[in-house]
Amino acid sequence: SQQGEEDPQALSIQEGENATMNCSYKTSINNLQWYRQNSGRGLVHLILIRSNEREKHSGRLRVTLDTSKKSSSLLITASRAADTASYFCATDRAWGSTLGRLYFGRGTQLTVWP
Amino acid sequence: GAGVSQSPSNKVTEKGKDVELRCDPISGHTALYWYRQRLGQGLEFLIYFQGNSAPDKSGLPSDRFSAERTGESVSTLTIQRTQQEDSAVYLCASSLVPGKYQETQYFGPGTRLLVL
């Protein structure tokens, strides 16, 4: 079964607003990553947070991880029209899986209106 | 090369034909992954190569799908007797040696396959 599930499936906001996307997963992990995809093509890595970290920042991105709730959030501050894309979370599994394999959610489609 | 490359970018084929998709990973990356993404869906894991280890083929949907990798370089994904449900974007990714703490995966632009 799918490891990560993003919420909401779609999000529509105005430029300048903040966008928050959530990800829940099912099994213990070593780390969680967020990726971005434009127009159904290749994914671009945004940020990786390890299981012993609670929060991480990169530019306008802020990621949190709550391992007790098995959930993560991605916050994009001061959004821009260029942030319009699909955002995916991906996790590994701490046990019982092939080393190196990632499990992706279905993604959140973010639309930022100018 | 600077990144992961895939060819062709687009492929239109007739039902029943075989297709071969190619992936060139980033030089030095020992791990290579193939994913399938149907329209509006998430990524579906297909197969994973890591160095000289036996590949993880657990995601291949049927025996019509196969993949090979030459050493730590080029990989080809072959779909035999294509069906319309095989229509999707096929994405390849590579990473450095994965350890307990997962390395970032770098994705190619994908091959968009349409089976008529």
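Everything in this summary refers to the structure shown in the same document. Keep in mind that what you see is a predicted model, and the values were worked out from it rather than measured.

1. Quick look at the overall build of chain B
Helix and strand content of chain B: 0 helices and 10 strands. In chain B, the succession of α and β elements from N to C terminus is β-β-β-β-β-β-β-β-β-β. The buried share of chain B, taken over its 116 residues, is 51%. Pairs at least 24 apart in sequence give 56% of the contacts found in chain B among residues at least 6 apart. In the form shown here, chain B has an accessible surface area of approximately 5400 Å², with 47% of it arising from carbon and sulfur atoms.

2. Brief notes about the packing of aromatic side chains
The tally for this structure, following the rule as stated, stands at 8 aromatic pairs over all chains. Centre to centre, the rings of Tyr33 of chain B and Tyr48 of chain B are 4.7 Å apart; their planes meet at 5°, and the pair counts as stacked. Taken together, the residues span a long stretch of sequence, with Tyr33 of chain B in strand β4 (residues 31-37) and Tyr48 of chain B in strand β5 (residues 44-50) at a distance of 15 residues. One aromatic cluster is present, formed by Tyr35 and Phe104 of chain A together with Tyr33, Tyr35, Phe45, Tyr48 and Phe107 of chain B through successive ring pairs.

3. What to know about the pattern of salt bridges
Pairing of side chains with opposite charge becomes possible as their charged atoms draw close. Per the counting criterion, the structure on display carries 7 salt bridges over all chains. Where Arg60 of chain A meets Asp83 of chain A, a salt bridge forms, and the shortest distance between an N and an O atom there is 2.9 Å. Here Arg60 of chain A is found in the loop between β6 (55-58) and β7 (61-66), whereas its partner Asp83 of chain A is found in the loop between β8 (71-76) and β9 (85-91), with 23 residues between them in sequence. A relative accessible area of 7% places Asp83 of chain A in the buried class. One salt bridge connects Arg64 of chain B with Asp86 of chain B, and the closest N-O pair in it is separated by 2.8 Å. Of this pair, Arg64 of chain B sits in the loop between β5 and β6 (65-69) while Asp86 of chain B sits in the loop between β7 (75-79) and β8 (88-95), placing them 22 residues apart in sequence. The class for Arg64 of chain B is buried, based on a relative accessible area of 12%. Residues participating in the shared-partner salt-bridge network are Arg36, Arg60 and Asp83 of chain A.

About the criteria used
Residues numbered from 1 in each chain as written. Chains lettered and ligands numbered in written order. Predicted model: local features only at pLDDT ≥ 70, side-chain atom pairs only at ≥ 80, totals over all residues. Heavy atoms only, no water. Helix = DSSP H or I, 4+ residues; strand = E, 2+ residues; numbered from the N terminus. Buried < 20%, exposed > 50% of the residue type's maximum accessible area, 1.4 Å probe, protein only. Contact = heavy atoms within 4.5 Å. Areas by Shrake-Rupley, 256 points an atom, 1.4 Å probe, with all protein chains shown as cover. Phe/Tyr/Trp six-rings, centres within 6.5 Å; stacked < 30°, edge-to-face > 60°. Salt bridge = Lys/Arg side-chain N within 4 Å of Asp/Glu carboxyl O.

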